[in-house]
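A look at the structure
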Amino acid sequence: MRSLALVPVLAMLPGLGTSTPSPTVHQPPTKRGSLPAVSVSGNAFWQNDKRFYIRGVDYQPGGSSAMADPLADTTICSRDISQFRKLGINTIRVYIIDNSANHDQCMAQLADAGIYVIVDANNPLYSINRYDPAPSYNAKYLQSVFATIDEFAKYDNTLAFFSGNEVVNDVVNSTLSARYVKAVTRDMRRYLGERKYRQIPVGYSAADVGNNRRQMADYMNCGSDDERSDFFAFNDYSWCNSDFQTAGWDQKVKNFSDYGLPIFLSEYGCLTNGRDFGEVAALMSDKMTSVYSGGLMYEYAMEDNGYGIAKIPSVKAPSIQELNGFEKFASALAANPPPTGDGGFVSATHANPCPTKDANWLIDTTLLPAIPEQAKMLMMEGAGSGPGLGGDGSQNSVDAGTSSGDAEQGSGTVTSSSTPKGSQNAAPATSTPANARAVAKIPLILTGMVVVLTLGGSFLL
């Protein structure tokens, strides 16, 4: 929803060259809370043997203009976590992350509050340009993405990574960037496996665009296992104080009834005609739980667009003002608890046919771009220190190492030849692609890790 147009203005920036990155630094053990890690099995998320539904908010105080990471500052996160407890949420999505900062304290506080985090692995400086994707898919960009994975893979309450956010929009030419979004998803999942991290789910957050939503969903779930996402999410603003049928949600259940992967709403909360947050009741009902795993309300902090439910005088203000929507959303969550049982989930996952080229979808190949040669060493040696939010950026960096052509299927398969990562959460190496497409009800213990990137020529916040 929140779109900050990225214009290719970062010309002539130094690239990675052929230098060897510093190895991933092994951090000493820290107190990280006590939430069990969430995994994927069938078309659902699981917390141990209990079905897990995302009941959360999109969280970016200050918006994109602030270019700030709210989880890198305990002043900010401590203030808002107390409000999250009042809301009764179990998940937040964070759009901007400083991968050069330490997040131990805020992540531990969130875990103590029973809250998971979905991380966007991109930011406005390090992302895919939707209208000129090939140059922006480079080793300098992937180093930033992988550094974000390094920072958040150690937390059990890291629920998932977004590999992109609304990169494909309602401009038909933007569909060509989907190949690069999928390539980044593949690379993130492989990086999790090569570094022997816990298999954190990786997926994409699609725009609220009816002309290509289904094509994008099928595209992210077609091809070989190493290329497919672990889940699919999309933003939806069609419930405008209406009902299940009027909003067209009955058709969105029907259309995805045999999708084969978990689905959830990465943003929802139409403002038209007021807001009653009737979406919560629908998402928690048996009308939807066989297909959908909840969603994230857009958004917590009030901005100029008017979607927030909390007014924050300044990013580091000691307190916030609860707006009218705050109590309405809390009441909707309280009145509609997570359902018991398995919700009618489907135990087996499967790939879908890749969409064919037409007037709304311009991709005519099943092949993905090969990972840049200069980024391959990151898989084996680690990403090293992240560039943070003050780096030079990557979109138009010269000599940053771009893709040399298309890859054959299977290029994302874990080789298990890297040095084991020193982590309490590390699991034995495996050659099975991340998210082994479980067929049992009990979630598998996964050995890869996943990153969710906010890719886009338009970085959404």
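The text that follows walks through the structure, step by step, so that each part is easy to find.

What counts as what
- Residues numbered from 1 in each chain as written.
- Predicted model: local features only at pLDDT ≥ 70, side-chain atom pairs only at ≥ 80, totals over all residues.
- Heavy atoms only, no water.
- Helix = DSSP H or I, 4+ residues; strand = E, 2+ residues; numbered from the N terminus.
- Buried < 20%, exposed > 50% of the residue type's maximum accessible area, 1.4 Å probe, protein only.
- Contact = heavy atoms within 4.5 Å.
- Pairing = 2+ DSSP bridges.
- Axes fitted to C-alpha atoms, helices over the stretch in contact; angles between N-to-C directions.
- Arc of directions from axis to C-beta.
- Salt bridge = Lys/Arg side-chain N within 4 Å of Asp/Glu carboxyl O.
- Disulfide = S-S within 2.5 Å.
- Parallel < 35°, antiparallel > 145°, perpendicular 65-115°, else oblique.
- Left-handed = near helix turned anticlockwise from the far one by under 90°.
- Nonpolar A, V, L, I, M, F, W, Y, C, P; charged D, E, K, R; others polar.
- Expected span 1.5 Å × (residues − 1).

This part is about the overall build of the chain. Broken down by element type, the chain carries 11 helices and 17 strands. Per-residue burial for the chain yields a buried fraction of 61% across its 461 residues. Partitioning the contacts of the chain with sequence separation of at least 6, the portion at a separation of at least 24 is 85%.

Let's shift gears to the sheet that holds strand 5 (residues 54–59). Taken together, eight strands build a closed barrel; the order of strands is 5-6-7-8-9-10-11-12 and the barrel is parallel. Each strand of the sheet is rotated relative to its neighbour by a mean of 25 degrees, with strand direction disregarded. In this structure, strand 5 lies alongside strand 6 (residues 91–94), joined through four bridges in parallel fashion. Among the inter-strand pairings, Gly56 is bridged to a residue of strand 6, identified as Thr91. Against the sheet, helix 5 (residues 139–152) contacts strand 7 (116–120) and strand 8 (158–165), and its axis sits at roughly 165 degrees relative to strand 8.

Right, let's talk about helix 11 (residues 373–381) for a bit. Of all the residues in helix 11, the buried ones are Gln374, Ala375, Leu378 and Met379. Burial along helix 11 is one-sided: seen end-on, the buried residues are contained in an arc of 165 degrees. Looking at the buried side of helix 11, the elements it contacts are helix 5 and helix 6 (178–194). Among the residues trailing helix 11, Gly382 stands out with phi positive, at a value near 95 degrees.

Once that is clear, we can look at the pattern of salt bridges. Two side chains that carry opposite charge are able to pair once their charged atoms sit near each other. Following the criterion strictly, the structure yields 16 salt bridges and no others. The closest approach of N and O atoms between Asp80 and Arg79, which form a salt bridge, is 2.9 Å. One exposure class covers both Asp80 and Arg79, and it is buried. Beyond isolated ion pairs, a larger network of salt bridges with shared partners links Arg93, Asp120 and Glu267.

A separate point is the state of the cysteines. Enumeration according to the criterion identifies three disulfides in this entry. Across a sulfur-sulfur distance of 2.0 Å, Cys77 and Cys106 are joined as a disulfide pair. Every disulfide takes its handedness from the sign of the S-S torsion; for Cys77 and Cys106 that torsion is -85 degrees, giving left-handed. Residue Cys77 is located in helix 2 (residues 74–87), and its partner Cys106 is located in helix 3 (residues 104–112); the two are separated by 29 residues in the primary sequence. There is no split in this pair, since Cys77 and Cys106 are both buried.

We now examine the packing of helix 5 against helix 6. The geometry of helix 5 relative to helix 6 is characterised by a closest axis approach of 11 Å and an angle of 45 degrees between their N-to-C directions. Regarding the angle of helix 5 to helix 6, the classification is oblique. Helix 6 is crossed by helix 5, and the crossing has right-handed handedness. Contacts between helix 5 and helix 6 involve Tyr141, Leu142, Val145, Phe146, Ile149 and Asp150 on the former and, on the latter, Val184, Asp187, Met188, Tyr191 and Leu192. Tallied by class, the residues present in the contact of helix 5 with helix 6 amount to nine nonpolar, no polar and two charged.

Before going further, it helps to spend a moment on helix 6. Here helix 6 spans 24 Å end to end across 17 residues, near enough to the 24 Å set by a 1.5 Å rise per residue. Among the 17 residues that make up helix 6, 17 are buried, leaving the element largely enclosed by the rest of the structure. Remark: Lys196 follows helix 6 within two positions and exhibits a positive phi of approximately 60 degrees.

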